[in-house]
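Letter by letter, the chains look like this.
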Amino acid sequence: MQDIYKALKQFKENDYLRNQTFYENLSESQTPHTLFIGCSDSRVSPERLLQAYPGEVFHIRNIANIVPPAGQSVKYASTTSAIEYAVEVLNVKNIIVCGHSNCGGCAASIHPPENIDQLPYTSIWISQINALRDQIAEEMTDASLTEKATCLEKLNVVQQLENLLTFDNIRDRVENGHLVLNGWHYNIGAGEISIYNQESKEYEIF
Ligand SMILES: [Zn+2]
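Residues numbered from 1 in each chain as written. Predicted model: local features only at pLDDT ≥ 70, side-chain atom pairs only at ≥ 80, totals over all residues. Heavy atoms only, no water.

J.: Describe the packing of helix α4 (residues 77-89) against helix α9 (residues 168-175), listing the residues and the values that go with them.
T.: As a packed pair, α4 and α9 sit with axes 10 Å apart at the nearest point and diverge in direction by 40°. With respect to α9, the axis of α4 lies oblique. As for the relative orientation of α4 and α9, their crossing is left-handed in sense. Contact residues: I83, V87 and E88 in α4; N169, I170 and R173 in α9. For the contact of α4 with α9, the per-class residue count stands at 3 nonpolar, 1 polar and 2 charged. (Axes fitted to C-alpha atoms, helices over the stretch in contact; angles between N-to-C directions. Helix = DSSP H or I, 4+ residues; strand = E, 2+ residues; numbered from the N terminus. Parallel < 35°, antiparallel > 145°, perpendicular 65-115°, else oblique. Left-handed = near helix turned anticlockwise from the far one by under 90°. Contact = heavy atoms within 4.5 Å. Nonpolar A, V, L, I, M, F, W, Y, C, P; charged D, E, K, R; others polar.)

J.: Give a description of the sheet that holds strand β6 (residues 202-205) that names residues and reports values.
T.: Strands sit in the order β2-β1-β3-β4-β5-β6 across an open sheet of 6 strands; the sheet is mixed. Strands at the two margins of the open sheet, each flanked by one partner only, are β2 (57-62) and β6. In this sheet, neighbouring strand axes are inclined to one another by 25° on average, regardless of whether the strands run parallel or antiparallel. Relative to β6, strand β5 (residues 192-197) is paired through 4 bridges, and the arrangement is antiparallel. Counterpart to I195 in the pairing with β6 is E204. Across the sheet, α4 touches β1 (34-39), β2 and β3 (94-100), and the angle it forms with β2 is around 165°. (Pairing = 2+ DSSP bridges.)

J.: Explain α4 to me, and be specific about the residues and the numbers.
T.: Counting along an α-helix, one turn takes 3.6 residues, and residues three or four places apart therefore face a common direction. Those residues of α4 that sit buried are T79, T80, A82, I83, A86 and V87. Angular distribution of buried residues about the axis of α4 spans 160°; they occupy a single face of the element. Across from the buried face of α4, at angles greater than 90 degrees, the exposed residues are S78, E84 and V89. Where the residues of α4 are buried, they touch β1, β2, β3, α6 (120-126), α8 (145-164) and α9. Among the residues trailing α4, N91 stands out with phi positive, at a value near 60°. (Buried < 20%, exposed > 50% of the residue type's maximum accessible area, 1.4 Å probe, protein only. Arc of directions from axis to C-beta.)

J.: With reference to specific residues and values, describe a nonpolar patch on the surface.
T.: Together, I4, Y5, L8 and F11 make up a nonpolar patch on the protein surface, roughly 460 Å² of accessible area in all. Relative to the assigned elements, Y5 resides in helix α1 (residues 4-16). Using a relative accessible area of 60% as the deciding quantity, one classes Y5 as exposed. (Patch = residues over 30% accessible without salt bridge, like charges linked within 9 Å, V, L, I, M, F, W, Y side chains within 5 Å. Areas by Shrake-Rupley, 256 points an atom, 1.4 Å probe, with all protein chains shown as cover. Salt bridge = Lys/Arg side-chain N within 4 Å of Asp/Glu carboxyl O.)

J.: Can you explain the packing of aromatic side chains? Please cite residues and give values.
T.: In total, this model carries 7 aromatic pairs according to the counting rule given. Consider the rings of F22 and Y23, whose centres lie 5.3 Å apart with planes at 75°: the pair is edge-to-face. In this structure F22 comes out as partly exposed when scored by relative accessible area, which is 34%. Each residue in the set F11, Y16, F22, Y23 and Y53 is aromatic and connected to the rest through ring pairs, giving one cluster. Directly above the aromatic system of Y203 lies the positively charged group of K154, at a separation of 5.5 Å from the ring centroid. (Phe/Tyr/Trp six-rings, centres within 6.5 Å; stacked < 30°, edge-to-face > 60°. Lys NZ or Arg CZ within 6 Å of the ring centre and 35° of its normal.)

J.: I'd like a description of the nonpolar core, backed by residues and values.
T.: Counting residues in each nonpolar core, the largest one holds 22 residues, and the members touching the most others are L35, I37, I83, I95, L164 and I170. Secondary structure elements with two or more residues in this core: β1, β2, α4, β3 and α8. When sequence neighbours within four positions are dropped, the list of residues in contact with L164 reads I37, V67, I83, I95, V97, I170 and L181. With 15 residues, the next largest nonpolar core counts Y76, W125, L132 and A149 among its residues. (Core = buried A, V, L, I, M, F, W, Y, C linked by side-chain atoms within 4.5 Å.)

J.: Pulling in residues and values, what's your account of the pairing of β3?
T.: The buried count for β3 comes to 6 of 7 residues, which makes it a mostly enclosed element. Bridge count for β1 against β3 is 5 bridges, and the pairing is parallel. Each residue of the ladder has a partner; that of F36, found in β3, is I96. Taken together, the 7 bridges between β3 and strand β4 (residues 180-187) define a ladder with parallel strand orientation. By the bridge assignment for β4, H100 is matched with Y186.

Set out below in structure tokens:
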């Protein structure tokens, strides 16, 4: 088991002290270039994927990397306020919505676990992707649960990109070329990112 206090000591001794000037400069302000909206899954590490240092990536993490649409922005203000701040205050140039392989949130939507009744908040949160789940159930009747879950992971990213465009400020910035929306699906075991091509509407392995 990871000793979190040993890790903290190592951070202080090996990371902070060796890069003290960097951290001191960083303390003044942040100018992240990218808002990363990813699943809370511990295997998804934005800094590793983007080879980024602290200060470069603003994060929103939630189960199944969901973006509530503008009409739901008050109900789910934890997520929508962070999007608002990243766009309006930090002026990020990119938003990445990143789904991933073996996403527990998507799998639970396709095939709810037996203890789902004991997870009322999770149930409410992932119910936001019920329409996509139902669409997949209708269109992929012969597919395995894994195939359906992978499809949901990928369609879900596309849906969240569309949800981002329900916010006027985001749509304006995208149309003016000041903001780029990116849809990714991360295959953890293969170390592979598939990028959604908004022209062809297909994923392409990067
Ligand atoms: Zn996930």
